[in-house]
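# Structural overview for review
Chain residues, written in single-letter form:
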Amino acid sequence: MRRFFSALAVTAALLPGIASAATAGDLLKASGDAVYYFGANGKRYVFPTAQTYRSWYTDFSQVKTIGDAELATYPLGGNVTYRPGVRLVKVTTDPKVYAVGANGELRWITSESVAVALYGATWNTNVDDLPDAFFVNYRMGAPIQAASDFQPATETARASSINVDKGLLSPTEPMPPAATSTPPAPTPLPGTGSAYRATIGMQSDAFIAKGGKAYLRADVTPGTSLAKVKIFVKNSLLTTCTYTPCTGTFQLDQNDDTRTFPTRVEASWITGQTATATSSFSLSDPLDGITFTMERAQVRTNGRQVFSIDVDPLLEPSSIDVYVGGVRYTDPDCSDSLGCTVNYNITSPAGTTLSAYARIEGGRGNVYATPVQTFTVGTHDGPTGSILLDKTRIYPGESLDVRVTAADDNGIAWIEVYQGDVLLKKCQNTISCVVTSGPHAAGTISFRARIQDMLGATLDLTSDEVLVQ
Amino acid sequence: MIDRSDPASAPCRYSFNNFFMKQLLVRSLATLGTVSMLAAPLATTHAAGVAFNAGDLIKGSGSTVYYFAPNGKRYVFPNDKTYFTWYKNFDGVKKVTDGQLATIPLGGNVTYRPGYKMVKITTDPKVYVVDQGGVLRHVGSEQLAQTLYGINWKNQIDDIPDAFFVNYRTGTGIQTASDFQPQNVMTLTTTITQDKQFDETAVTVTIGNMNNGFVPATMTVKKGATVTFTNADIVPHTVTGNAFDSGLIAPGKTYVRKFDTVGSFDYKCSNHPVMQGTINVVN
């Protein structure tokens, strides 16, 4: 049993393509009986049944024997499916007979006459029983209604190898020509056009909690000739649109303990194409429903620090306390409110560093504590400031304005504006600094600013996140 | 077109189907995997057409047992070891007709119950724990394996046949014992429905042909459940009760109804009144 783990040591030394005899398309075996197909992606593929093997190969003459250790270094990629066109298959427990198309696509032969037309009068000697457990390796294609829907010989010829059938490519290999694309069919088959796409996500990164709402959004392309766009949450239809983007609001049940909600979009076009996509959303971290900020990073002795607390109503706050230097401070404004501003008078001597956090008692006995922030007590008040964005959600390729404003009794020396860690602009001797940032690629971006006053005290600010999609 | 709901085509249908039902000997070339291992005698058998519900085990005339999931599909136990990670015996397996079984589409394969045992594949020395949803997580060291599964950890490893490895996904490795507590994981996942994260409040009835009718014909759901009726036949059907009527459901289409009141709701297909069903709604 030791070898289970010690064999890990040889893994790296035997990476495919470095010290290996195996090349893409080889049949491999080690000391066991099992034969594997070595794919162009460096993974080995299993023949789940003898019939599957025989649909590709007539004998075992091409099988190369390698060492067990080498075999173990090639990860399993999956199972080989029947070579297209060669055999008909069915599942033990379902009378439907299927032809096999590219990459394990099963196409139901809807009548005996079609079976005769495609595979001859003795077609029924051409049917293999596929064990139920391997049915999952196949995917369902369009039924064959007429003999012209499927040409067995063409399908077989096109799948010249398992690599071709599975569309496996080595990283350096260019995409093959259209050899593996869908053959011309009398009528377009639904779902085959890759140009028809759908995505589903959230309208915003709003706080999601039990009893609250989730705002969903589905985007589909192309936006023309749309028949229907349906949004599902937990497999129930939420809304149906005839346009894109399609949006819907999902009400979360107060008493539902679900934490993750699967979502799905199903789009159909009047031309018969369909597209579908799935995603999910989860309950937010409760702390995302709480903002706790302080006005200054440095406050003078006998000066005043201002804390602001905002709590999402879904957290049902009943009391809000601020702890400064470990000492609880209750402001009367903060009881039975969704947020408050706390003015805290500083008595500590200059040079002290104080920590601060807010503690919120919420509904159903939940208590939340915000992350701790620190500020210093100095000989003078540091600057105050704010960072504002003109948009919180933009499309890829769009730009937005970042506006930083600052105030200080001693005057502002400079303002720096960053996107992540990249300095966008430094404004000298001004209380306002505006940057137009972009165009942006899809993703999430946020901005930071640093303000310094004439006496060298600084304040760091972070903006809200901007969703680019 | 073989219209399996047309009695006139019955003689043809039977000769056709008899052939299909022929059991071809399936031998496995590459692996030890087979589906014919659930050959233990069943302790309980039921009359054909018995009521069954999402989460039940079902079988036809053959020996293979399937898990009937809320999505209306049946899931295959790829081998007996997988079965016994979830069940101790075959008590409670409900017998359905072969026609009903065939009406229920195959959904996929059941994976090991999370936490139950560690697994590896025959031809790769890596040892994995199984996490929820058939996610394999590599166990980094012998010490870790011993911490998780005790001094006899070596007896707690099953070989998964190569051909079933594709049913699993690989997740992040286990670095410390706190990453994975087998007993907790097992306790959290007591059913295959939980493991596959099906929504238990949304169940599916498949509409078969006239012979097989609604599958399952009688189903018990919790109040507030959504029932999706999926027409798997090749002709339109309806779901028509006293208080609800789907109208014609075309082949491949669905009808969804939420059952918010407790009671017993009979329905039938108005085109083929021989097809009848009941939804029992309980608290």
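Residues numbered from 1 in each chain as written. Chains lettered and ligands numbered in written order. Predicted model: local features only at pLDDT ≥ 70, side-chain atom pairs only at ≥ 80, totals over all residues.

Within chain A, the secondary structure is distributed over eight helices and 36 strands. Burial statistics for chain A: of 469 residues in total, 34% are counted as buried. Put simply, 64% of the contacts in chain A that link residues at least 6 apart link residues at least 24 apart. (Helix = DSSP H or I, 4+ residues; strand = E, 2+ residues; numbered from the N terminus. Buried ≥ 20, exposed ≤ 12 C-beta atoms within 10 Å, placed from the backbone. Contact = placed C-beta atoms within 7 Å.)

All names here are of chain B. Relative to the helices and strands, Y128 is located in strand β7 (residues 124-131). Between the C-alpha atoms of Y128 and V139, which are eleven residues apart in sequence, the distance is 5.4 Å. Not counting chain neighbours up to four residues away, the residues in contact with Y128 comprise M118, V119, K120, L136, R137, H138 and V139.

Residues and elements named next belong to chain A. Here we have three strands laid out as an open sheet, ordered β18-β20-β23, and antiparallel in their pairing. Single-partner strands in this sheet number two, and they are β18 (290-294) and β23 (339-345). In this sheet, adjacent strand axes meet at a mean angle of 15° when their direction is disregarded. Here seven bridges tie strand β20 (residues 304-311) to β23, and the two strands are oriented antiparallel to one another. (Pairing = 2+ DSSP bridges. Axes fitted to C-alpha atoms, helices over the stretch in contact; angles between N-to-C directions.)

What follows covers the environment of A157(A). Within the element layout of this structure, A157(A) appears in helix α7 (residues 152-158). Between the alpha carbons of A157(A) and G85(A) there is a distance of 8.7 Å; along the sequence they are 72 residues apart.

The subject of this paragraph is the pairing of strand β18 (residues 276-282) of chain B. All names here are of chain B. Two elements, strand β13 (residues 218-222) and β18, share five bridges in a ladder whose sense is parallel. If you follow V221 over to β18, its bridge partner there is V281. Note: strand β17 (residues 263-268) against β18, six bridges, orientation antiparallel. Bridged to G263 within β18 is V281.

All names here are of chain B. Every buried residue of helix α4 (residues 142-149) is listed here: L144, A145, L148 and Y149. An end-on view of α4 places all buried positions within 105° of arc, on one side of the element. As for α4, its buried residues are in contact with β6 (118-121), β7 and α6 (182-188). Remark: G150 follows α4 within two positions and exhibits a positive phi of approximately 85°. (Arc of directions from axis to C-beta.)

In this section: helix α5 (residues 112-119) of chain A. All names here are of chain A. Those residues of α5 that fall on the buried side of the exposure criterion are V114, A115, L118 and Y119. Axial view of α5: buried residues confined to an arc of 100°, hence all on one face. Summarising the contacts, the buried residues of α5 are in contact with β6 (88-91), β7 (94-101) and α7. Where α5 terminates, the next one or two residues include G120, which has phi positive at roughly 85°.

Bringing the environment of C433(A) into the picture now. Residue and element names in this part refer to chain A. Secondary-structure assignment places C433 in strand β32 (residues 432-437). Classification of C433 as buried rests on a count of 24 C-beta atoms within 10 Å. A C-alpha to C-alpha distance of 6.5 Å links C433 and T405, two positions 28 residues apart in sequence. If sequence neighbours within four positions are ignored, C433 has contacts with V404, I415, V417, K425 and C427.

A low pLDDT means the predicted coordinates there should not be read in detail. Residues and elements named next belong to chain A. Looking at chain A as a whole, the pLDDT averages 82, with 89% of positions reaching at least 70. By mean pLDDT, the top-scoring element of chain A is strand β2 (residues 36-38) (94), and the lowest-scoring one is helix α2 (residues 8-11) (29). Contacts from residues 1-19, a stretch scored under 50 in pLDDT, to residues over four places away or in other chains number 23 contacts. (pLDDT = per-residue confidence, 0-100.)

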